[in-house]
Amino acid sequence: MNLRELVSALNDFASPALAESWDNVGLLVEPSPPHTVNTLFLTNDLTEEVMEEAVQKKADLILSYHPPIFAPLKRVTWKTWKERLVVRALENRIGIYSPHTAYDAIPHGVNNWLTKGLGTCTSVPLHPSTAPGSPAEGTHRVEFCADAVHLDAVLSKIKDIPQISCLTTLPARVEGEEQTRVSLNCSQKALLEVVALLSQNSLLYHKTEILLLQKPLLPHTGMGRLCTLSEPLSLAATVERIKGHLQLPHVRLALGAGRTLESQVKKVALCAGSGSSVLKGAEADLYLTGEMSHHDVLDAVANGISVILCEHSNTERGFLSELRDALTIHLQNKINVIVSEKDRDPLQVA
């Protein structure tokens with residue numbers, strides 16, 4: 001499959017628009033075109049050891065869940081390991097693609113896979129995603145009617161205000177008079193300037209309508225999950241289920257104030273990777289994530305919420321096998337999809 005065709009298919013599987021604004025997702029390294037992909041290589045982290053594996057297995061495109069290029073590179077030399085990844089990728093004509101938080105958000109993504117470790121449950125996103133690009137621009141729509149005497153002067157001043165978009169005018173008949181209906185989208189900051197301008201003319205101001213532009217929520221899509229178990233479990237049993245799902249010999253556990261291993265768990269708030277910001281304030285019996293800051297753990301415990309930490313990538317890596325099968329179907333068996341055998345969590349218990 002041609003690389004650009006494959007990237008389009010990957011973007012259809014999980015739109016990069018669903019990723020967090022701070023993230024760096026999509027095609028990060030592109031060999032000179034045309035570039036044909038026969039083997040797609042999946043990894044959670046792209047390390048130098050994993051890159052060597054990809055070269056040996058003749059990968060044409062690496063899908064690295066975590067973006068190996070995050071902070072901007074000022075040069076591409078042999079000096080640092082991330083620069084060397086780019087050099088080796090280009091020398092061996094291997095592209096690099098990263099979905100990261102787009103895969104966190106989608107209904108068939110990483111967080112959905114993590115919920116399966118809890119057994120039968122229903123789940124909803126903790127922070128639902130909104131439909132990308134709808135409405136197109138702005139936070140508010142302002143509509144007002146103006147007569148020919150005031151129209152040109154008002155439009156001239158409005159066009160000088162930054163962050164105004166979708167400005168349209170249409171003929172309108174108001175109380176038997178021929179007027180012009182003006183409609184515009186604007187940001188929260190620009191709204192204050194538009195209202196201040198229109199309020200200078202009482203006739204314009206009293207004919208003004210302001211609408212809040214709300215993007216529709218996407219079903220089952222967003223960051224984190226709040227899971228309600230079909231039947232309550234003891235905390236001890238929940239720990240064992242999670243260890244089994246993640247294939248871990250141990251996890252770290254903080255007991256919520258007043259809780260024991262026999263305390264019942266009905267609601268679990270979870271987030272793959274680093275969950276501090278996503279889980280903060282969620283009402284649950286248990287927080288499940290890879291890592292949290294010390295003080296966020298203390299806050300949860302003080303509020304009677306137990307915390308299970310599994311290390312960052314341990315809450316993500318197991319998803320790759322499920323992803324391999326899903327992408328094989330999505331790509332209509334046109335390419336060979338394989339999972340890294342060298343990718344592993346960097347932390348071990350000594």
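Residues numbered from 1 in each chain as written. Predicted model: local features only at pLDDT ≥ 70, side-chain atom pairs only at ≥ 80, totals over all residues. Heavy atoms only, no water.

J.: Would you explain the pairing of strand β7 (residues 164–174) in this entry?
T.: The side chains of a regular strand alternate between the sheet's two faces. Sheet topology note: the β7/strand β8 (residues 177–186) ladder contains nine bridges and is antiparallel. Of the residues in β8, the one forming a bridge with Val174 is Glu177. Counting the residues that bridge the hairpin from β7 to β8 gives two residues, and of these Glu175 lies at a positive phi of roughly 50°. (Pairing = 2+ DSSP bridges. Helix = DSSP H or I, 4+ residues; strand = E, 2+ residues; numbered from the N terminus.)

J.: Whenever I open this one, the side chain of Asp104 confuses me. Can you help?
T.: Topologically, Asp104 is positioned in helix α4 (residues 101–105). As a buried residue without a salt bridge, Asp104 has its nearest oppositely charged side chain in Arg225, at a separation of 8.5 Å. Those residues in contact with Asp104, other than ones at most four positions away along the chain, are Tyr65, Val110, Asn111, Gly222, Met223 and Arg225. (Buried < 20%, exposed > 50% of the residue type's maximum accessible area, 1.4 Å probe, protein only. Lys, Arg positive; Asp, Glu negative; His and termini not counted. Salt bridge = Lys/Arg side-chain N within 4 Å of Asp/Glu carboxyl O. Contact = heavy atoms within 4.5 Å.)

J.: Quick question: what am I supposed to make of the UniProt feature "binding site: a divalent metal cation" (unreviewed entry) in the protein here?
T.: Feature annotation in UniProt assigns "binding site: a divalent metal cation" (unreviewed entry) to the following positions: His66, Asp104, His312 and Glu316. Considering the C-alpha atoms alone, the annotated residues occupy 251 residues of sequence yet fold into one spot, their largest mutual distance being 13.4 Å. Its place among the elements puts His312 in the loop between β14 (306–309) and α12 (319–330). With near-sequence residues (within four places) excluded, His312 lies in contact with His66, Gly273, Ser274, Gly290, Glu291 and Asp345. A distance of 3.3 Å separates a polar atom in the side chain of His312 from a polar atom in the side chain of His66. According to the relative accessible area criterion, Glu316 is buried, its value standing at 2%. Excluding its chain neighbours within four sequence positions, the residues that come into contact with Glu316 are Asn44, Tyr65, His66, Val110, Trp113, Ala272 and Gly273. (UniProt positions renumbered as here; feature names shortened; annotations may be inferred. Polar contact = N/O pair within 3.5 Å; in protein donor to acceptor, adjacent residues only side chain to side chain.)

J.: Would you take a moment to explain the packing of aromatic side chains for this structure?
T.: Here the distance between the centres and the angle between the planes together describe a pair of aromatic rings. Scanning the entire structure with this criterion turns up three aromatic pairs. A ring pair is formed by Phe13 and Tyr103, whose centres lie 5.8 Å apart and whose planes are at 75°; its orientation type is edge-to-face. You can see Phe13 sitting in helix α1 (residues 3–13) and its partner Tyr103 sitting in helix α4, a full 90 residues away along the chain. Each member of the pair, Phe13 as well as Tyr103, carries the same accessibility label: buried. What links up through ring pairs into an aromatic cluster is the set Phe13, Tyr103 and Phe319. (Phe/Tyr/Trp six-rings, centres within 6.5 Å; stacked < 30°, edge-to-face > 60°.)

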